[in-house]
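Fold and contact review
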Amino acid sequence: FLQAMWEVLVRNYIGCAGTIRKIAGFRMGAFNCAGDTVTVRGKVESIAEAGEEALVHIRVWSENAQGISVGPGVVTVAIPVA
């Protein structure tokens, strides 16, 4: 479920045409308990054009009221260049 939350964040950014290439650093640092509000955040770290696509590295993490609960990690995606 937590990894799916990361995918929703990334998919909202890259759309259906983009592809997730790699998820690195996904590790639980603290538990999210029933009733906790969990927020997933991300920040683009780099973009590099590679032919007909751009490779984007996005730093992603999950937070609850106590702080970061999952990550931070880096999700590498490919987005078609128009």
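Residues numbered from 1 in each chain as written. Predicted model: local features only at pLDDT ≥ 70, side-chain atom pairs only at ≥ 80, totals over all residues. Heavy atoms only, no water.

**Quick notes on the overall build of the chain**
For the chain, the helix and strand inventory stands at 1 helix and 4 strands. Beginning at the N terminus, the succession of helices and strands in the chain can be written as α-β-β-β-β. Counting only C-alpha atoms, the chain reaches 45 × 20 × 15 Å along its principal axes. Taking all 82 residues of the chain together, the buried fraction comes to 29%. Within the chain, counting contacts between residues at least 6 apart in sequence, those at least 24 apart form 56% of the total. As presented, the chain carries roughly 5,200 Å² of accessible surface, and 56% of it is formed by carbon and sulfur atoms. In the chain, which carries 7 positive and 7 negative side-chain charges, the distance between the mean positions of the two groups comes to 6 Å. (Helix = DSSP H or I, 4+ residues; strand = E, 2+ residues; numbered from the N terminus. Buried < 20%, exposed > 50% of the residue type's maximum accessible area, 1.4 Å probe, protein only. Contact = heavy atoms within 4.5 Å. Areas by Shrake-Rupley, 256 points an atom, 1.4 Å probe, with all protein chains shown as cover. Lys, Arg positive; Asp, Glu negative; His and termini not counted. Charge placed at Lys NZ, Arg CZ, Asp CG, Glu CD.)

**A short note on the pattern of salt bridges**
All told, the structure shown has 3 salt bridges when counted by the stated rule. In this structure, the salt-bridge partner of glutamate 63 is arginine 41, at a minimum N-O distance of 2.9 Å. Taken as a pair, glutamate 63 in strand β3 (residues 53–64) and arginine 41 in strand β2 (residues 39–50) lie far apart in primary sequence, 22 residues in all. Looking at arginine 41, the relative accessible area reads 39%, which means it is partly exposed. (Salt bridge = Lys/Arg side-chain N within 4 Å of Asp/Glu carboxyl O.)

**A few points about helix α1 (residues 2–14)**
Between its first and last C-alpha, α1 extends 19 Å over 13 residues, near the 18 Å set by a 1.5 Å rise per residue. On the buried face of α1, the contacting elements are β1 (19–24), β2, β3 and β4 (67–80). Directly beyond the C-terminal end of α1, a positive phi value near 75 degrees is found at glycine 15. (Expected span 1.5 Å × (residues − 1).)

**Side note on the pairing of β4**
Burial of β4 is extensive: 10 of the 14 residues sit out of reach of the surface. Relative to β4, β1 is paired through 5 bridges, and the arrangement is antiparallel. Looking across to β4, one finds that alanine 24 is bridged to valine 74. Direction of pairing for β3 relative to β4: antiparallel, over a ladder of 11 bridges. (Pairing = 2+ DSSP bridges.)

**Some points on the packing of aromatic side chains**
For any two aromatic rings, the description comes down to two numbers: the centre-to-centre distance and the angle of the planes. For the structure shown, the criterion picks out 1 aromatic pair. Aromatic pair tryptophan 6 and phenylalanine 26: ring centres 4.8 Å apart, planes at 75 degrees, arrangement edge-to-face. Of this pair, tryptophan 6 sits in helix α1 while phenylalanine 26 sits in the loop between β1 and β2, placing them 20 residues apart in sequence. Residue phenylalanine 26 is classed as partly exposed on the basis of its relative accessible area of 28%. (Phe/Tyr/Trp six-rings, centres within 6.5 Å; stacked < 30°, edge-to-face > 60°.)

**Quick notes on unusual backbone geometry**
Across the junction of glycine 71 and proline 72, the peptide omega takes the value 5 degrees, indicating a cis bond. Among the secondary structure elements, proline 72 is positioned in strand β4.

As far as function goes, none of this settles anything; it's purely spatial.
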